[in-house]
Amino acid sequence: MRSIIDIVDFSTQELEDLINLANDIIENPQKYAHVCDGKKLATLFFEPSTRTRMSFEAAMYELGGHVISMTDAMSSSAAKGESVADTAKTVSCYADIIAMRHPKEGAALVAANNATIPVINAGDGGHCHPTQTLADLLTIYREKGHFDNLTIGLCGDLKFGRTVHSLINALSRYENIKFVLISPEELKLPSYVKKDLLRANKIPYTQTTDLDKSIPSLDILYMTRVQRERFFNEEDYLRLKDSYILTPDKLAKAKKDLSVMHPLPRVNEISVAIDDDSRACYFKQVLNGKYMRMALILELLREAGTI
Ligand code: NCD
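Worth saying up front: this structure is predicted, and the values here are computed from it rather than measured. (Residues numbered from 1 in each chain as written. Predicted model: local features only at pLDDT ≥ 70, side-chain atom pairs only at ≥ 80, totals over all residues. Heavy atoms only, no water.)

A. Structural detail: the overall build of the protein. When helices and strands are tallied, the protein shows 11 helices and 9 strands. What you see for the protein is a C-alpha radius of gyration of 19 Å, in line with the 19 Å of a compact globule of 307 residues. If you line up the protein on its principal axes, its C-alpha atoms span 55 × 45 × 40 Å. Per-residue burial over the protein gives 55% buried out of 307 residues. For the protein, restricting intrachain contacts to residue pairs at least 6 apart in sequence, the fraction spanning at least 24 positions comes to 74%. Averaging the locations of the 37 positively and 41 negatively charged side chains of the protein gives two centres separated by 2 Å. (Helix = DSSP H or I, 4+ residues; strand = E, 2+ residues; numbered from the N terminus. Rg over C-alpha atoms; globule rule 2.2 N^0.38 Å. Buried < 20%, exposed > 50% of the residue type's maximum accessible area, 1.4 Å probe, protein only. Contact = heavy atoms within 4.5 Å. Lys, Arg positive; Asp, Glu negative; His and termini not counted. Charge placed at Lys NZ, Arg CZ, Asp CG, Glu CD.)

Spelled out as C-alpha cells, the structure:
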C-alpha cells in the first residue's frame with residue numbers, strides 16, 4: 001500500500017507526471033468529476049489548518065468522492081489517549097484514503113505503517129509537508145515554465161518551516177539551481193538539510209540575514225511565517241516574529257518577473273499592498289494546491305486498485 005510521507009517518496013518523473021495530471025484537471029475538470037464516485041477521504045487534523053484540510057476536502061468532492069473529517073483532536077479519542085497507530089487502523093475501516101496532520105515528526109509514518117489504506121502526510125511537526133511542495137511546484141511551473149536555472153530565496157523561519165525543507169528537496173533535483181537562505185541566526189536551515197540535500201547534491205547556496213541585499217538576484221522569493229507553535233518560549237518568538245516584512249519599497253529592487261510565494265498563513269511577512277502586484281503568487285499557490293491534491297488522491301487510489 002503506497003503512502004506519501006515525504007517528498008522523497010516521489011521520483012522526479014512522478015512529480016512531473018503529477019504536474020501534468022493537475023494541468024489536465026485544470027483544463028478538463030468534467031473528465032475527472034466522477035472518477036472517485038462513492039469513495040471516501042478521511043482528514044485527520046491534530047493541528048490547526050485552513051488551506052491544507054479544506055483543499056484536500058474540496059479536491060475529493062471535485063473528484064466525485066466524499067469526506068469524513070476529524071478537525072479537532074480534542075473531540076476525538078486522541079483526547080482519551082488513543083495512539084496514532086490505533087486511530088489509523090480504525091479509520092482504515094471507514095475510508096479509502098487518509099490525509100493526516102500531526103504536531104509530532106514521524107506521526108504520519110506511524111499512521112502509514114498501521115493503516116490498510118494510503119496515508120498522505122499533510123504536515124508532521126517541523127519535518128516535512130510534501131503536498132505543500134506539490135502546490136509550490138505546480139505554481140513555479142505555471143509561472144516560470146521550468147525548474148532549471150532558478151535562484152530561489154527562502155526567507156524567514158528556515159529552521160522550523162517544514163514547507164521549506166520539502167521544497168529544497170524537490171528543487172535540488174534540477175540543473176543550475178541556487179538557493180539564498182535568508183533568516184535570523186536562530187532560525188537558520190537545519191544542518192541535516194544542508195548536509196543531506198545541498199552539499200550532497202553540490203547545490204550552491206548562501207546564508208544571509210539580509211533580505212534587502214538579496215532581493216535583486218532572485219527569480220523566486222519564498223517567504224515564511226515564524227512558526228510560533230514550535231518555539232520553547234514566547235519571548236524568542238516575539239523578538240523574531242517580524243524579522244522580515246516584504247513591502248512595496250523592498251519589492252521595487254526585485255526583478256520584474258520575480259515570483260513572490262508564501263505557503264500561508266501570512267501573519268506580517270508580506271504587506272497586503274503587494275497582493276495586487278503581478279508578482280504575488282501566494283493565492284495562486286492556494287488554488288494550485290487543490291489541483292495537485294486532486295492529482296495525488298487520484299493517483300494513489302488508482303495504485304491501490306480502489307478506483
Ligand atoms: C504551512 C504549514 O502548515 O506548514 N501552512 C500550510 O499548510 N499552507 C505553513 C505555516 O503554517 O506557516
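B. View of the site of the ligand. By nearness alone, every residue bordering the ligand is listed as Thr52, Arg101, His129, Gln132, Arg162, Thr163, Arg225, Gln227, Pro263, Leu264 and Pro265. Glutamine 132 has a polar side-chain atom sitting 3.1 Å from a nitrogen atom of the ligand. Side-chain polar atom of arginine 225 to an oxygen atom of the ligand: 2.8 Å apart, as the coordinates give it. Here the shell around the ligand is built from residues that sort into 3 nonpolar, 5 polar and 3 charged. (Near = heavy atom within 4 Å. Polar contact = N/O pair within 3.5 Å; in protein donor to acceptor, adjacent residues only side chain to side chain. Nonpolar A, V, L, I, M, F, W, Y, C, P; charged D, E, K, R; others polar.)

C. Examining the pattern of salt bridges more closely. All chains considered together, the criterion is met by 21 salt bridges. Here lysine 31 and aspartate 24 are joined by a salt bridge, their closest N and O atoms 2.5 Å apart. A salt bridge links glutamate 186 to arginine 239, with the nearest nitrogen and oxygen atoms 2.8 Å apart. With glutamate 186 in the loop between strand E6 (178–182) and helix H7 (191–199) and arginine 239 in helix H9 (residues 234–240), the pair connects residues that are 53 residues apart, well separated along the chain. (Salt bridge = Lys/Arg side-chain N within 4 Å of Asp/Glu carboxyl O.)

D. Local environment of the sheet that holds strand E2 (residues 66–70). Taken in spatial order, the 4 strands make up an open sheet running E2-E1-E3-E4, and their pairing is parallel. Unpaired on one side and paired on the other, E2 and strand E4 (119–124) mark the two borders of the sheet. In this sheet, adjacent strand axes meet at a mean angle of 15 degrees when their direction is disregarded. By the bridge criterion, 5 bridges tie strand E1 (residues 40–45) to E2 in an arrangement that is parallel. (Pairing = 2+ DSSP bridges. Axes fitted to C-alpha atoms, helices over the stretch in contact; angles between N-to-C directions.)

E. How the structure looks around the packing of aromatic side chains. Evaluated as defined, the whole model comprises 5 aromatic pairs. Cluster of aromatic residues (ring-pair linked, three or more members): Tyr141, Phe147 and Tyr174. The positively charged end of arginine 293 is found above the aromatic ring belonging to phenylalanine 56, 5.1 Å away from the centroid. (Phe/Tyr/Trp six-rings, centres within 6.5 Å; stacked < 30°, edge-to-face > 60°. Lys NZ or Arg CZ within 6 Å of the ring centre and 35° of its normal.)

F. Molecular detail of helix H6 (residues 162–171). Buried residues dominate H6, accounting for 10 of its 10 residues. Within the sequence span of H6, burial applies to Arg162, Thr163, Val164, His165, Ser166, Leu167, Ile168, Asn169, Ala170 and Leu171.

G. Molecular detail of the packing of H6 against H7. Where H6 contacts H7, the two axes come as close as 10 Å, and the packing angle between them is 15 degrees. Relative to H7, the element H6 lies roughly parallel. With respect to the hand of their crossing, H6 and H7 are arranged in left-handed fashion. Note on element contacts: H7 touches H6 through Tyr192, Val193, Leu197 and Leu198, opposite His165, Ile168 and Asn169. Residue composition of the contact of H6 with H7, grouped by class: 5 nonpolar, 2 polar and no charged. (Parallel < 35°, antiparallel > 145°, perpendicular 65-115°, else oblique. Left-handed = near helix turned anticlockwise from the far one by under 90°.)

H. A look at the pairing of E1. The buried fraction of E1 is high, at 5 of 6 residues. With respect to chirality, the unit in which E1 leads through helix H2 (residues 51–62) into the neighbouring parallel E2 is right-handed. Both E1 and strand E3 (residues 97–102) contribute to a ladder of 5 bridges, which runs parallel. Bridged to leucine 41 within E3 is isoleucine 97. (Right-handed = clockwise from strand over helix to strand, strands pointing away.)

I. Inspection of the packing of helix H1 (residues 12–27) against helix H5 (residues 130–144) at higher detail. In the contact formed by H1 and H5, the axes pass within 10 Å of each other and the chain directions differ by 70 degrees. By the angle between their axes, H1 is roughly perpendicular relative to H5. Listed contacts from H5 to Leu15, Leu18, Ile19, Ala22, Asn23 and Ile26 of H1 are Leu134, Leu137, Leu138, Tyr141 and Arg142. When grouped by side-chain class, the residues that make up the contact of H1 with H5 number 9 nonpolar, 1 polar and 1 charged.

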